[in-house]
Amino acid sequence: MLSRLARPAVAATRFAGSRHATATLPIATQRHASSFSKSDKVKKQLMEQLAAAELKGWTSEEVKAALSMEIQDPGMNYKGMMDQVNELSLDVDEVYYNSPAGVLYDQALRYEEGSAIVSSGALAVKSGKKTGRSPLDKRIVYEEASADDVWWGKVNIQLDYKSFLTNRERAVDYLNTRKRLYVVDGWGGWEEDYRVPVRVITSRAYHALFMQNMLVPPTAAEQADFEAGKVKPFVIFNAGVFPANRQTSGMTSSTSVAVSFKRREMVILGTQYAGEMKKGVFTIMNYLMPLMPKRDLPPADRALPLHASANIGPDNDVSIFFGLSGTGKTTLSADPKRALIGDDEHVWHANGVFNIEGGCYAKTVGLTREKEPEIYDAIRFGSILENVGFDEMTGQVDYDDVSITENTRVAYPLKFIPNAKIPAKTEHHPKQIILLTCDAFGILPPISKLTPDQVMYHFISGYTAKVAGTEEGVLEPEATFSACFGAPFLVWHPSVYAEMLAAKLDKYGATAYLVNTGWVGGGYGVGDRCSLKYTRQLIDAIHDGTLAELPESEWEEMPIFGLKMPKNAIKDVPKEILRPEEAWVQAGQSKEAFEKQAKHLANLFQKNFVDFADKCSKEVKAAGPKV
């Protein structure tokens, strides 16, 4: 049994006591003199660092709330949470449940090496050896109820039930060795009829604050009765500080991220990278949503999970931005002229669109306020900065420092974006679909208008490119294809999601564009990346109707790829930027060199599509590049 629940009046561990505290004392008075002095010292340090933080632009109420170290008691059913945690065979001294940011800051500063408060007030943390996801270590338990649904293969690798239970027991055993654990309850999804309850149990305060930012926060009433809802919570056991046993059947390393849909559980071992939890929830939603509201409904009427950002304009026109990491999905959806629904994961259902998440998880490498003011200003007290470099004396963050990893990140709640739409859902259906790619070969136009069949082809392809220097061994542009712009998180075959998207586009009549945020005037190392200023103007041209008003005579089909590109300048974006071959020639390269590179990229598209062609119509297959 858990000996007590930590519910401090000032600092979380101050009154939590120890196993040897007098059992008859009220929890609020259980403590040792030694823990009192340590608590006061840490709290003093916390307050001093926060006082020095750049809190410019905050109201006095916001500052007061940020500095609060108190846990309010909204009548939450702590006993219910305790009972369920006990049923999970966990027996520890202290449990911190949906704790305020100040409490989790305090815990991270005490117990997690490398944690610090930086000058903006955000908490900087280290994720250990793993600084990114481990897709090769992801496993799905082979279970009769879901076996015929899962797209088995290199994305969804089978794990037998016994091995999952072995990993689960290993995780629980490790968590039981901890003096304190952190429990977070929240929702996957803002729409009540579709949302999934999620419970996270972890040994790190950093993970708790991260998931409190990323899950949709429950109300006090929902929190009080969280495990008594119509479906039980999906539980994430995060024992990532402890390795998996390589000798366990199905393990190929000391890292394991395994999901059981039948048990509604996920077990993490051997990685402390917080993104595994976030994408774990997305994987769960990718399986469950196409079954809702009913499995046998037509594709247009079922819920479609999207690895995409979304925003909405003043006229309630919804835009969906598909894109892989590094294509600008988060950056371009944070538009001061439009309300942000979310930056990464959404569901398009029969009654509109909702965000799966309660926060944003943005890349910070090269971040400046001038380029991305909404994201930059969201880095404040309550945000988590992951693996960034900073000056230990001043707390100033160097966003160009990639000494730990190029995958530096920030996680912040959606409410930190001034124009965020909260609740993050809308009853309006998408009007614009934008497929983002970062083409490092310099071939695709910065913007092109897509036919319905081209939408399906490029959605299934999910193309972008890696460039030299981003990964060890990458010396030249390298094409990357990720089905549905999110292959690592798909559970069903890509054709299932593509069929649903096609049906919804047909039903609601959204227009679609392919936007290349990559290179112009040549490939990586020769040309230049398309400026963010130009890309934003092209996105504006989609939203303000400029492109929709162009007659067909103002569009021209690009050879080989068959994409319709503008004949002339769009806003301040020059004609030669919009037309790749012309951009190459203006940069001093030959038409022959462009055509050779274009054919090379087209061959890569064709080779990749072989795996999906058997489930596609002849019209979709014909919508790809032709060599």
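Nothing here was measured: the structure is a model prediction, and the numbers come from that model.

Calculation rules
- Residues numbered from 1 in each chain as written.
- Predicted model: local features only at pLDDT ≥ 70, side-chain atom pairs only at ≥ 80, totals over all residues.
- Heavy atoms only, no water.
- Phe/Tyr/Trp six-rings, centres within 6.5 Å; stacked < 30°, edge-to-face > 60°.
- Helix = DSSP H or I, 4+ residues; strand = E, 2+ residues; numbered from the N terminus.
- Buried < 20%, exposed > 50% of the residue type's maximum accessible area, 1.4 Å probe, protein only.
- Lys NZ or Arg CZ within 6 Å of the ring centre and 35° of its normal.
- Core = buried A, V, L, I, M, F, W, Y, C linked by side-chain atoms within 4.5 Å.
- Contact = heavy atoms within 4.5 Å.
- Salt bridge = Lys/Arg side-chain N within 4 Å of Asp/Glu carboxyl O.
- Lys, Arg positive; Asp, Glu negative; His and termini not counted.

Undergrad: Give a description of the packing of aromatic side chains that names residues and reports values.
TA: With the rule as written, the count across this model stands at 24 aromatic pairs. Seen from their ring centres, Tyr463 and Phe605 are 5.0 Å apart, and the 50 degrees between their planes marks the pair as tilted. Remark: Phe605 occurs in helix 16 (residues 591–609) and Tyr463 occurs in strand 24 (residues 463–466); sequence separation between them is 142 residues. Each member of the pair Tyr463 and Phe605 is classed as buried. An aromatic cluster is defined as three or more aromatic residues linked by ring pairs; in this entry it consists of Tyr457, Tyr463, Phe481, Phe561, Phe605, Phe609 and Phe612. Lying across the ring of Trp187, Arg195 places its NZ or CZ 3.7 Å from the centre. Sitting over the face of the ring of Tyr361, Arg409 holds its NZ or CZ atom 4.9 Å from the ring centroid.

Undergrad: Give me the lowdown on the nonpolar core, citing residues and values where you can.
TA: Phe322, Leu385 and Phe561 are the most contacted members of the largest nonpolar core, which totals 139 residues. For Leu385, the contacting residues outside a window of four places in its chain are Val118, Ala122, Leu123, Ala124, Val125, Thr364, Ile379, Val397, Tyr399, Arg409 and Val410.

Undergrad: Describe the pattern of salt bridges, naming the residues involved and giving the relevant values.
TA: Tallied over the full model, the rule gives 26 salt bridges. Linking Glu345 and Lys279 is a salt bridge whose minimum nitrogen-to-oxygen distance equals 3.2 Å. You can see Glu345 sitting in strand 14 (residues 345–349) and its partner Lys279 sitting in helix 8 (residues 275–288), a full 66 residues away along the chain. For Glu345, a relative accessible area of 0% translates into the label buried. Here the salt bridges do not stand alone but share partners, grouping Lys278, Lys279, Lys329, Asp344, Glu345 and Glu357 into one network.

Undergrad: Describe in detail the side chain of Glu372, supporting the description with residues and values.
TA: The topology assignment puts Glu372 in the loop between strand 16 (359–363) and helix 10 (373–377). Here Glu372 sits buried without a salt bridge, and the closest side chain of opposite charge, Arg536, lies 5.6 Å off (N-O distance). Apart from residues lying up to four places away in sequence, Glu372 is in contact with Thr331 and Leu367.

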